[in-house]
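Structural overview for review
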Amino acid sequence: MKAPGFDRMTPRARLLATLILTLAVVALRGLPAQGAALAGAFALALISGQALRPLLHRLAHVEGFMVLLLVMLPFSVPGTPLVTLGPLVLSAEGLARAIGIALKTNAAILIVFALLGTVEPLRLGHAARGLGAPVRLVQLFLFTTRYVELFRDEIRRRREAMRARAFARRTSLHTFRAYGNLAGMVLVRALEKAARVEEAMRCRAFDGRLPAIGIEEGERGILAGPGLALVVGAALIALDRLP
Amino acid sequence: MTPLFTVEGLVVSRGGHRVLDGASLTLRPGERLAVVGPNGAGKTTLLRSLIGLEKAEHGTITAFGSLRRTEKEFRPVRARAGYLFQDADDQLFCPTVIDDVAFGPLNLGLAPREAAERALAVLERLHLGHLSARITHRLSGGEKRLVALAGVLAMEPEALLLDEPTNALDDVHYRRLLDILSGLPMAMIVVSHDRPFLHRLSTRVLALRQGRLLPAAFHSHPHTHDHLHIHVEGDHAHRH
């Protein structure tokens, strides 16, 4: 299933809408509005027509980053004690804060996945540039997306070479040293590769700017998408702040 | 004699395309088998399959007397069949030459000192002893290839799988590689486009066509052609 609504919008419109919605979401303070935001974000992800399984898989990665924070927060924020475990006190305020952060981050990430998940990195980079993002940041983003695959490949080849010489993972100094060497060599090669790529780019008259050739996006949806996002964002904040 | 490798009806796909489609071969001790075929014919895939880096869809691989299917079953194969990668840069990953050559022996369970001794002995045997303390990624292309080979030989394999070993070698390193390989007793499978090299080295040829291995033979016929080489000014001149 192809995303009917979003793919008709230009990347710039989608980026702007994403920005508005995520900013509205992070500004929310109460659980009802945060819950509504997550439900809405999930609906948005469903409408986007992307396969659900990889989406949830990516979301799980984000959860992995946050798990420590979410576990620590209820115990570290002072307030009305709910449970006391020896010296540890679980506070109601801390719990609410942790749940709020979990709801908001997941909502924000789902919005990004839903609206930007199917935009090609190159077009996204140019859209960001069009919205006034710094050139260097955009270039960094574009190079990163270009080379992530390359380095994944590099690491895969090297691990195969290690296996071909009967390397097996163990809890041993030899294993740690081998992985250390692997990481070091990938970095060295990355640096060399970067230098070679830069030389090759300079040979083709690269002057620090990436020209945007063949990307004529036009202005389709530049009003409708962000406009709708503005209305939804305002409604969420109103739900949150109005008595 | 029991064959080292017996492959029957091997089918391997890459990117939805059957690269190997019923390939069969037998490698017996002492044999030096050449495998030829155009780019993309599946030569590298064949070598990778033999040590379990590619997964077979159909067919069987018997190595050193046992059927091999799982990663676990292939692990001991990699200790006994040394694989020389097409790009030596993929193979060398330790900071120094001696570390890299000792990596295999360490994986085989040798103590660090024994491993270092064995590594040094192999380097000496290949006349590479002077490189032992050098940084691997600063070696020349030819040195890298020979050091990578030393890393494989240090594991004392019973068979060698060589993927385009002469690629991009200069004359000096080319001849040294040929001398080293010709002097080795173990069985080999050599994948290459380099016909003269294969002719000098191999005892039997297989050609990879449409995913299958067909018996082939060298055939030479007289040619009249120019002999192109480069003389450096001041070097002794010679006649043709």
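The name that an unreviewed UniProt entry assigns to chain B is Cobalt ABC transporter ATP-binding protein, with the source organism given as Zavarzinia aquatilis. Checking UniProt for chain B, the heading Sequence similarities (unreviewed entry) contains the comment "Belongs to the ABC transporter superfamily."

Right, let's get into the overall build of chain B. Within chain B, the secondary structure is distributed over eight helices and 10 strands. Here the C-alpha radius of gyration of chain B, 19 Å, is about what a compact globule of 240 residues would show, namely 18 Å. By principal-axis analysis of the C-alpha atoms, chain B measures approximately 60 × 55 × 35 Å. In chain B, buried positions account for 41% of the 240 residues. Once local pairs closer than 6 in sequence are excluded, the contacts in chain B between residues at least 24 apart make up 67%.

Right, let's get into the overall build of chain A. The secondary structure content of chain A amounts to eight helices and two strands. Start at the N end of chain A and walk to the C end: the helices and strands fall as α-α-α-β-β-α-α-α-α-α.

On to the interface of chain A and chain B. Listed as interface residues are 17 residues of chain A and, on the opposing side, 20 residues of chain B. Of all the secondary-structure elements, those providing two or more residues to the side of chain A that touches chain B are α6 (135–164) and α7 (173–203) of chain A. At seven residues, α7 of chain A tops the list of elements feeding residues into the side of chain A that touches chain B. Taken together, the residues of the side of chain A that touches chain B break down into nine nonpolar, three polar and five charged.

Residue and element names in this part refer to chain A. Two elements in contact, helix α1 (residues 11–26) and helix α4 (residues 92–116), have axes whose closest approach is 9 Å; the angle formed by their N-to-C orientations is 170°. As judged from the angle between their axes, α1 and α4 are roughly antiparallel. The segment α1 lies against α4, with R14, L15, A17, T18, L21, T22, V25 and V26 engaging K104, A107, A108, I111, V112, L115 and L116.

A few words now on the sheet that holds strand β8 (residues 187–191) of chain B. Residues and elements named next belong to chain B. Ordered by their spatial adjacency, six strands build an open sheet running β6-β7-β8-β3-β9-β10, and the pairing between neighbours is mixed. Only two strands of the sheet have a single neighbouring strand rather than two, namely β6 (81–84) and β10 (212–216). Taken over all neighbouring pairs, the strand axes of this sheet differ in orientation by 20° on average, direction set aside. Pairing analysis gives four bridges linking strand β3 (residues 32–36) to strand β9 (residues 204–209), with the strands arranged parallel. Each residue of the ladder has a partner; that of V36, found in β9, is A207. Along the sheet face, helix α6 (residues 141–153) touches β6 and β7 (159–163) and points at about 165° away from the line of β6.

Basis of the calculations
- Residues numbered from 1 in each chain as written.
- Chains lettered and ligands numbered in written order.
- Predicted model: local features only at pLDDT ≥ 70, side-chain atom pairs only at ≥ 80, totals over all residues.
- UniProt positions renumbered as here; feature names shortened; annotations may be inferred.
- Helix = DSSP H or I, 4+ residues; strand = E, 2+ residues; numbered from the N terminus.
- Rg over C-alpha atoms; globule rule 2.2 N^0.38 Å.
- Buried ≥ 20, exposed ≤ 12 C-beta atoms within 10 Å, placed from the backbone.
- Contact = placed C-beta atoms within 7 Å.
- Nonpolar A, V, L, I, M, F, W, Y, C, P; charged D, E, K, R; others polar.
- Axes fitted to C-alpha atoms, helices over the stretch in contact; angles between N-to-C directions.
- Parallel < 35°, antiparallel > 145°, perpendicular 65-115°, else oblique.
- Pairing = 2+ DSSP bridges.

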